[in-house]
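If you want the building blocks of each chain, they are given just below.
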Amino acid sequence: MKYFLRAALLFVLLVPSSCMSGKINLVIIGGGFAGNNIPQLYEAAIEERMGVEANTFTWIRVNEKPDGFLENMRVNPELREAVADADIILLNVSPNWSNSAELRYTLDSCGGKDNQDCLRETLVKTKCEWKGIMDSFAELRASQPVVFQVVLWSDWVFHVSYGGDATREQVSVMASYFTRFQEFQATTPGVQIVTVFSKTYEELPPEFFKTDGSHQFSEEGSRAAVELILSPGLEPSQPGIPELTEANADCGSISQ
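Thresholds, definitions, all that
Residues numbered from 1 in each chain as written. Predicted model: local features only at pLDDT ≥ 70, side-chain atom pairs only at ≥ 80, totals over all residues. Heavy atoms only, no water. Helix = DSSP H or I, 4+ residues; strand = E, 2+ residues; numbered from the N terminus. Contact = heavy atoms within 4.5 Å. Areas by Shrake-Rupley, 256 points an atom, 1.4 Å probe, with all protein chains shown as cover. Disulfide = S-S within 2.5 Å. Buried < 20%, exposed > 50% of the residue type's maximum accessible area, 1.4 Å probe, protein only. Pairing = 2+ DSSP bridges. Axes fitted to C-alpha atoms, helices over the stretch in contact; angles between N-to-C directions.

**Student:** Help me understand the overall build of the protein in this model?
**Tutor:** Looking only at helices and strands, the protein has nine helices and five strands in total. Secondary structure elements of the protein occur, N-terminal to C-terminal, as α-β-α-β-α-α-β-α-α-β-α-α-β-α. Across the protein, every contact between residues at least 6 apart in sequence was considered, and the portion connecting residues at least 24 apart equals 79%. In the form shown here, the protein has an accessible surface area of approximately 12200 Å², with 51% of it arising from carbon and sulfur atoms.

**Student:** Which parts of the structure should I look at to understand the state of the cysteines?
**Tutor:** Covalently bonding the sulfur atom of one cysteine to the sulfur atom of another cysteine gives a disulfide. Taken as a whole and assessed by the stated rule, the structure comprises one disulfide. Here cysteine 110 is linked by a disulfide to cysteine 118, with a sulfur-sulfur distance of 1.9 Å. Of note, the bridge from cysteine 110 to cysteine 118 carries an S-S torsion of about -110 degrees and is left-handed in sense. Considered together, cysteine 110 and cysteine 118 belong to a single accessibility category, that of buried residues.

**Student:** Is there a simple way to think about the pairing of strand β3 (residues 88–91) in this case?
**Tutor:** Within a regular strand, side chains alternate between the sheet's two faces. Burial of the side chains of β3 extends over both faces: Ile88 and Leu90 are buried on one face and Ile89 and Leu91 on the other. Sheet analysis places strand β1 (residues 23–29) next to β3, joined by four bridges and oriented parallel. Directly across from leucine 26, in β3, lies its bridge partner isoleucine 88. Inspection of the sheet shows β3 paired to strand β4 (residues 147–153) by four bridges, in the parallel sense. Residue pairing across strands places leucine 91 opposite valine 150, the latter belonging to β4.

**Student:** Would you mind going over the side chain of asparagine 115 with me for this structure?
**Tutor:** Assignment of secondary structure puts asparagine 115 in the loop between α5 (99–106) and α6 (117–141). Apart from residues lying up to four places away in sequence, asparagine 115 is in contact with Tyr105, Asp108, Ser109 and Cys110.

**Student:** Hey, could you run me through the sheet that holds strand β5 (residues 192–196) in this one?
**Tutor:** Two strands in a sheet stick together by hydrogen bonds in their backbones, pointing the same way (parallel) or opposite ways (antiparallel). Read across the sheet, five strands follow the order β2-β1-β3-β4-β5 without closing on themselves; strand pairing throughout is parallel. Each edge of the open sheet is held by one strand with a lone partner, namely β2 (53–59) and β5. Direction aside, neighbouring strands of the sheet carry axes that sit 20 degrees apart on average. Pairing analysis gives seven bridges linking β1 to β2, with the strands arranged parallel. Counterpart to leucine 26 in the pairing with β2 is threonine 56.

Structural data, given as C-alpha cells:
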C-alpha cells in the first residue's frame, strides 16, 4: 500500500504532461549506456512501477564526450524538445572524457613538473562543460517538476580500461582526476546521484560482465545496475531544477 501511494503521488506531481494520456515521457541519455541493456530494463522498470506506458526518447552516442553533448543540448531541436517535455530523465556522461589527456600523460608529454598539466586543464574544461549541460537542462525545464537521475560509474570502469597500457602508479594518478570529476558532478543540486557500483572491478561478480573482454555489463549486470539506480526512489524535484548549477558556479578552478 505504501509503495502504491508513493507511485500515485509521483504521478500527480508530474501532471501536467503526457501522464494525462496514460503515458509518461522518459528520456535516457548517455554514451555510457551503449553496449548494455540498462536503457531497456530501466524503461520496463519505470512502466511497472508507474503503471503507465513510457514514451521513451533515447540519446545514446557511443563515447560522446561532454563538449559534444553540450553542443547538442544547445542546438539539437529533437533533444531539446525531449528534455523540455520529460517527466523522468536518466543521464550518464561517458567516462572517456579524458582519453586524450591520459594518452599524453602516459607518453610523458602532459606538461608541468609533475607531467599532469594536461590532466588538470582537461578536468577544468570538463567541469565547465558539465555546468553548461546542467544550465541547459535548467533552461529547458523552466522550473517544471522532473525526476532527474544522474548515473556515475565508480572508478572500477576506469581501472579496467588500462590493462597493460599504463603502470599502476599512472593508473592511480589518472583515476584521481576521474574521481574528482565524479565528486564535482555529485555536488549538483536538484538531481539524484547514483553511483554504479561502489566496489572495485575485482570485487564485483564476474557474471556482471560479458565474456567477450569488452567489460560491458551482461544482462545480469545490467539488471543489478538498474536495481541500484532505482533504489533511491523516484522523487521529482520541486519546483523543477531552478538552482541546478548553483553549487557548480566555480567551474574554472581546481586545486593541484
